Structures are given as C-alpha cells and as structure tokens.
Amino acid sequence: MILPIVAYGDPVLKKEATPVERDHPGLKELINNMFDTMYNAQGVGLAAPQVGSGLRVFIVDASPFKQEDKRLEGFKKVFINPVIVEETGKEWLFNEGCLSFPKLREDIWRKPSIKIKYYDEDFNLHEEKYDGIAARIIQHEYDHIKGIVFIDHITPFKRRIIKSKLNAISKGLVNADYKMKVPVKKQKTVG
Ligand code: NI
C-alpha cells in the first residue's frame, strides 16, 4: 500500500526514532508499504519517519544507480535498528535529494566509507562496510532515524537562500509526483 510521504516541517522528521522489537506488530506490513511508497515516488531510500512511523527502520534500493556503480544492481535492503559504527575517509560532495523535500537538491559533504551494524527483516544481525553511493544513501537514511534531514548539513548562508523554497514545501505549495502529507497548520482560535 502506498502511504503519503511526510513533508518537511512535520515534527516527526525531527524526532529520534525508537528501536524496533522483533515481534513488533505490523512490522512486515510497514516494510512492504515503505517499499511500495518508495518505488511509487521513484526514490532510492526511505526512512520510517517519512511515512509517519517512529521506528528505527529504513529501506534502500540503489538499483537506479547501477550505471554509476555496477555493484548497485539489485542493491535492495532493509535496515532495522541500524548503528553506523564508523565513518572514514575524506569528505566528498554528492548532490542529494529527499522525498520529504520535493524538487529540492543540495550538494552535501559526507565521508565516503562506513561500517554499519543492523538487523535485516528476519532479524539476522549484520555488520557490513559500504562506500560511494551505497554509503551515501545509507548515511542519508540513517540521519532520518536520528531526526536529521539533509539540509541540516548545509551552511546557514545556503539555508537562508533556500528558506522560501522550504516554506513552500512545508505549506504543500510544491507539487510532488506522489502523495504527500503536509504538516497541519495551527489554527488561530478567534473569540
Ligand atoms: Ni530523505
């Protein structure tokens, strides 16, 4: 089932997600829905907070980058309770987008190599190393479950430049090619 994607401005994107228990009710369904939602929006990664869930889960499918990196063909994974234990190398720039920020892209500096521990959808524990675009997507999604979004990495100067774009996104004024959930505006009570 395709779920609406939470737009920038919703407090759920700023909250640290909570660990998932093995027998968490509805976990499989959440993961299936997240894949449906990500593919529908033509994304390469999606974190649970982006569909309004507070769980430490994200998914990736980096196949669209197979031209850039052959290793990414069929690179489809579920990360449950992940912990990045190491980030190494000289920071590099990559142009990132995010499904919660339609039509916004920014160059973001991140380290190129990571080591991550996580559980897969069957709760098998893994410890793996990634670099390049795979690491980049994982770092972006990992941020989401810590309540961090990609524009938190840009300079205050750049952030001022895109301020009106951000406002437009949070008000639902930027059309996405997929269903979004825009933060509820506070109603002023009169009288
Ligand atoms: Ni994102």
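Right above here is the structure, for reference.
**What to know about the nonpolar core**
Ranked by internal contacts, the top residues of the largest apolar core, which has 22 residues, are F58, F75, I116, Y130 and I138. Of all the elements in the fold, those that place two or more residues in this core are β3 (57-61), β4 (76-88), β7 (113-119) and α2 (132-145). No other element matches α2, which puts seven residues into this core. What F58 contacts, discounting residues up to four positions off in sequence, is M34, L46, A47, K77, V78, F79, P82, I116, I138, E141, Y142 and I145. Core analysis: the second largest hydrophobic core is formed by 21 residues, F35, V78, I80 and F123 among them.

**Here we look at the pattern of salt bridges**
Scanning all chains against the criterion turns up 13 salt bridges. Its salt-bridge partner being D10, residue K181 comes within 3.0 Å of it at the nearest N-O pair. Here K181, found in strand β9 (residues 180-181), pairs with D10, found in the loop between β1 (5-6) and α1 (27-40); they are 171 residues apart in sequence, far enough to count as distant. Of the residues examined, D10 reaches a relative accessible area of 10% and is grouped as buried. The salt bridge involving R71 is made with D69; its shortest N-O contact spans 2.9 Å. Here the residues in one salt-bridge network are E96, R110, R136 and D143, joined through shared partners.

**Here's the deal with the coordination of the nickel ion**
The textbook angles at a metal center are 109.5 degrees for a tetrahedron of four donors and 90 or 180 degrees for an octahedron of six. Taken together, C98 (SG), H140 (NE2) and H144 (NE2) make up the full set of protein donors to the nickel ion, lying 2.1 to 2.2 Å away. In the primary structure, the donors to the nickel ion are separated according to the pattern C-x41-H-x3-H. Here H144 lies in helix α2 and C98 lies in the loop between β5 (92-97) and β6 (105-110), a separation of 46 residues in the sequence.

**Remarks on the side chain of D10**
Of note is the side chain of D10, whose polar atom sits 3.0 Å from the side chain of K181. D10 has contacts with K181 and P183, leaving out every residue within four places of it along the chain.

**Considering the pairing of β3**
The element β3 is extensively covered by neighbouring structure, given that five of its five residues are classed as buried. What you see with β3 is no split at all: V57, I59 and D61 on one side and F58 and V60 on the other are buried throughout. Pairing between strand β2 (residues 45-47) and β3: three bridges, direction antiparallel. Each residue of the ladder has a partner; that of G45, found in β3, is V60.

Definitions and cut-offs
Residues numbered from 1 in each chain as written. Predicted model: local features only at pLDDT ≥ 70, side-chain atom pairs only at ≥ 80, totals over all residues. Heavy atoms only, no water. Core = buried A, V, L, I, M, F, W, Y, C linked by side-chain atoms within 4.5 Å. Buried < 20%, exposed > 50% of the residue type's maximum accessible area, 1.4 Å probe, protein only. Helix = DSSP H or I, 4+ residues; strand = E, 2+ residues; numbered from the N terminus. Contact = heavy atoms within 4.5 Å. Salt bridge = Lys/Arg side-chain N within 4 Å of Asp/Glu carboxyl O. Donors = N, O, S within 2.8 Å, 3.2 Å for Na, K, Ca; no water. Polar contact = N/O pair within 3.5 Å; in protein donor to acceptor, adjacent residues only side chain to side chain. Pairing = 2+ DSSP bridges.

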